[in-house]
Amino acid sequence: VIAQSSRSCICCHREHHKQRAYRQPMLYMYLLTAAACRARGLAAARSISRRSVRLRAGSTKTLDALREELDKNNVDAFVIPSDDPHLSEYVAPCFERRAFASGFTGSAGTAVVLKDRALCWTDGRYWLQASQQLGEGWELVKAGAPGVDGIAAWFGTDEASEVETVGIDARVTASSFASSLEEHVQVRHLDENPVDKVWVDRPAMPSSMLRLHPLEFAGESVESKLGRVRAAVQELGASGLVISALDEVCWLFNVRGGDVACNPVALAYAYIDHDTATLFVDEAKVPKDVAEALQAASVDVRDYDRALPFLRAAASEAAVCVDPSRCSAAVVDAIPEHNRINEQCPVADFKAVKNEGELRGMRAAHVRDGAAVARAFARLEKRVVSGEATSELDVDALLIEERSRDPTFIEPSFPTIAGAGGNGGAVGIHAGESTRRGDGGALSLSAGSSKMGTAGSTLVSSGSGRDSSGFVAVTSAPSAVSGTVTVGSGSAVSASGAASVLSGSASDGASGAA
């Protein structure tokens with residue numbers, strides 16, 4: 001990403017020193033400069049329309065190279081999940097191994113490379129996208145369809161009767177999934193990921209700086225959160241707790257990051273015991289103000305790579321709580337079985353219950369984002385009514401531009417998904433220059449993140465050209481709190497629908513709400 005290193009605008013490649021974006025140390029800070037070059041907003045939309053532009057589509061050469069690695073490791077198959085070491089749904093480019101190997105860039109899916117076949121499991125959201133993107137030699141397995149086995153169960157079928165040993169990278173494979181595989185085949189933990197051996201231009205690890213999440217929006221101090229966590233760990237009969245999920249780590253320490261596009265998180269682990277709290281993160285990412293705040297809360301900061309050795313040492317002497325469904329096999333295996341307490345991380349429940357500060361922030365975020373979306377829809381309506389050619393990329397550019405007018409805006413909380421006509425069925429794919437359309441009914445999903453919270457919206461319309469009598473729905477889904485669906489007819493609901501979301505209620509005259 002050009003702007004990540006030079007802080008120059010993606011549209012004109014010039015620096016905008018007076019733009020507030022220049023002060024945002026975020027992966028997506030360059031989006032905020034789109035308003036300065038709004039005449040070229042299409043370029044801004046194009047730049048985020050695909051998360052994996054640096055990845056080559058899966059090819060037979062890639063498959064051949066991976067199969068050579070299978071032979072070298074003496075395994076019959078290798079499983080390539082979508083995950084990073086923290087089992088995140090959305091990952092930094094350097095962890096997009098499944099996308100590199102197969103060509104499929106959806107956020108959910110698992111690939112399996114065998115000596116004579118290559119399979120990719122993904123759910124119904126991505127069947128159409130995967131069928132279009134999977135490279136030569138790859139087969140789509142429609143996960144969740146009637147009669148379709150899951151990955152672990154498939155290895156126990158006649159189709160996989162010749163597979164005896166399956167290789168995995170324990171650092172990016174869920175412990176619970178590894179255990180399910182072991183019910184059917186012998187699982188071998190490989191020292192080095194085979195994909196990394198053939199991915200010669202693999203992106204570097206992310207290096208975005210941490211930032212403090214203000215107490216007015218966090219609503220609770222780090223010390224208070226640590227007290228609650230320690231009490232919960234004691235109730236579980238454990239002496240320590242390992243936290244792997246990135247959102248839980250950031251929530252606990254009231255920090256945010258930019259290591260994953262559209263997600264305000266940083267690659268980090270945490271370990272909490274009765275007396276200490278340790279954050280494992282690349283120390284180069286910790287600016288002075290963050291370091292001072294963590295020190296004031298009695299949080300020790302150690303390098304990211306020291307997490308597993310530290311955990312092995314701590315777990316050798318004390319009982320440690322770990323969640324096998326949310327932690328990698330490498331993390332779980334670092335804890336001896338006799339000292340391992342398999343329980344859900346208590347931080348998940350604490351984080352799900354929003355305090356007054358968080359609720360105020362989410363409400364304010366909806367007000368600001370709803371206004372931005374309403375402005376964008378109004379401009380879009382004028383373009384369509386005037387007969388101006390409009391594509392999905394234009395929708396993306398308008399939303400970014402209007403959101404960037406807000407000084408609290410940081411980044412989209414996911415790249416805008418806009419599809420018209422035939423593209424409307426590909427609910428998980430982001431339009432690019434080669435796929436852009438402007439005809440027929442349309443589907444648009446977008447969301448923005450600010451310092452206060454996250455707000456999202458969905459617009460569905462039927463009809464095309466100057467016809468604005470189609471069906472429209474606006475939905476909102478902030479963080480872990482369920483949102484509001486507003487239903488009505490006519491394009492004018494794009495403004496009134498957004499306003500109703502802001503107040504947290506369904507629109508008057510709605511024909512349905514959820």
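The structure this text deals with has already been given above.
Below is a summary of the structure that appears in this document.

1. Observations concerning the overall build of the protein chain
Looking only at helices and strands, the protein chain features 18 helices and 19 strands. Counting all 514 residues of the protein chain, 54% fall into the buried class. Of the contacts made within the protein chain by residues no fewer than 6 positions apart, 63% connect residues no fewer than 24 positions apart.

2. Overview of the environment of Val322
Residue position: Val322 is located in strand S13 (residues 320-322). Apart from the residues within four sequence positions on either side, Val322 is in contact with Val242, Cys327, Val331, Val332, Ile335, Arg340, Ile341, Asn342 and Glu343.

3. Description of the pattern of salt bridges
For the coordinates displayed, the defined rule picks out 25 salt bridges. Salt-bridge contacts for Arg326 lead to Asp247; the nearest nitrogen and oxygen are separated by 3.9 Å. Linking Arg326 in the loop between S13 and helix H14 (329-333) with Asp247 in helix H11 (residues 246-253), this pair joins segments that are 79 residues apart in sequence. Under the relative-accessibility criterion, Asp247 is labelled partly exposed at 32%. The partner of Arg383 in a salt bridge is Asp394, and the shortest N-O contact between them spans 3.6 Å. With a gap of 11 residues between them, Arg383 in helix H16 (residues 356-386) and Asp394 in helix H17 (residues 392-403) connect regions that are remote in the sequence. In terms of burial, Arg383 and Asp394 fall into one category: buried. Shared partners join several salt bridges into a network, and the residues in it are Arg375, Arg379, Glu401, Glu402 and Arg405.

4. A few points about the packing of helix H10 (residues 222-235) against H11
Where H10 contacts H11, the axes come no closer than 7 Å and their chain directions differ by 120 degrees. Between H10 and H11, the angle falls in the class oblique. Taken together, the residues of H11 that come into contact with H10 (itself represented by Val222, Lys225, Leu226, Arg228 and Val229) are Trp251, Leu252 and Phe253. Split into classes, the residues belonging to the contact of H10 with H11 amount to six nonpolar, no polar and two charged.

5. Some details on the sheet that holds strand S3 (residues 118-122)
Strand order in the open sheet formed by six strands is S4-S3-S2-S1-S5-S6, and the pairing between neighbours is mixed. The open sheet is flanked by strand S4 (139-142) and strand S6 (186-189), the only strands paired with a single partner. Strand-to-strand twist across the sheet, computed as the mean angle between neighbouring axes with direction ignored, equals 25 degrees. Bridging between strand S1 (residues 77-80) and strand S2 (residues 110-114) involves four bridges; their strand directions are antiparallel. Within S2, the position partnered with Val79 by the bridge is Val112. Lying over the sheet, helix H3 (residues 60-73) contacts S1, S2, S3 and S6, oriented at roughly 70 degrees with respect to S2.

6. Focus: the sheet that holds strand S12 (residues 299-302)
Sheet strands pair by backbone hydrogen bonding; their relative direction is either parallel or antiparallel. Spatial strand order, S12-S11-S10-S8-S13-S14: six strands in an open sheet with mixed pairing. The strands lining the two open edges of the sheet, one partner per strand, are S12 and strand S14 (340-342). The average undirected angle you get between the axes of adjacent strands in this sheet is 25 degrees. Bridge count for strand S8 (residues 240-243) against strand S10 (residues 268-273) is four bridges, and the pairing is antiparallel.

7. Thoughts on the nonpolar core
As a rule of thumb, nonpolar side chains are buried together in soluble globular proteins. Core analysis: the largest hydrophobic core is formed by 80 residues, its most contacted members being Phe155, Ile243, Phe253 and Val299. The dominant element in this core, judged by the number of residues it contributes, is H11, at six residues. Beyond its immediate stretch of four places on either side in the chain, Phe253 contacts Val222, Leu226, Ala270, Ile272, Ala277, Thr278, Leu279, Leu294 and Val299. Grouped together as the second largest cluster of nonpolar side chains are 22 residues, Val75, Ile80, Phe100 and Trp138 included.

8. Here we look at unusual backbone geometry
Of note, the phi angle at Cys262 is positive, near 70 degrees, even though the residue is not glycine. A relative accessible area of 3% places Cys262 in the buried class.

9. Things to note about the packing of H16 against H17
Their axes nearest at 8 Å, the elements H16 and H17 cross at an angle of 140 degrees. As summarised for this structure, H16 and H17 are arranged oblique, according to the angle between their axes. Along this stretch, H16 crosses H17, giving a crossing that reads as right-handed. Residues Asp369, Ala372, Val373, Arg375, Ala376, Phe377, Arg379, Leu380 and Arg383 of H16 pack against Asp394, Val395, Leu398, Leu399, Glu401, Glu402 and Arg403 of H17. Among the residues making up the contact of H16 with H17, the classes are represented as eight nonpolar, no polar and eight charged.

Cut-off values and rules
Residues numbered from 1 in each chain as written. Predicted model: local features only at pLDDT ≥ 70, side-chain atom pairs only at ≥ 80, totals over all residues. Heavy atoms only, no water. Helix = DSSP H or I, 4+ residues; strand = E, 2+ residues; numbered from the N terminus. Buried < 20%, exposed > 50% of the residue type's maximum accessible area, 1.4 Å probe, protein only. Contact = heavy atoms within 4.5 Å. Salt bridge = Lys/Arg side-chain N within 4 Å of Asp/Glu carboxyl O. Axes fitted to C-alpha atoms, helices over the stretch in contact; angles between N-to-C directions. Parallel < 35°, antiparallel > 145°, perpendicular 65-115°, else oblique. Nonpolar A, V, L, I, M, F, W, Y, C, P; charged D, E, K, R; others polar. Pairing = 2+ DSSP bridges. Core = buried A, V, L, I, M, F, W, Y, C linked by side-chain atoms within 4.5 Å. Left-handed = near helix turned anticlockwise from the far one by under 90°.

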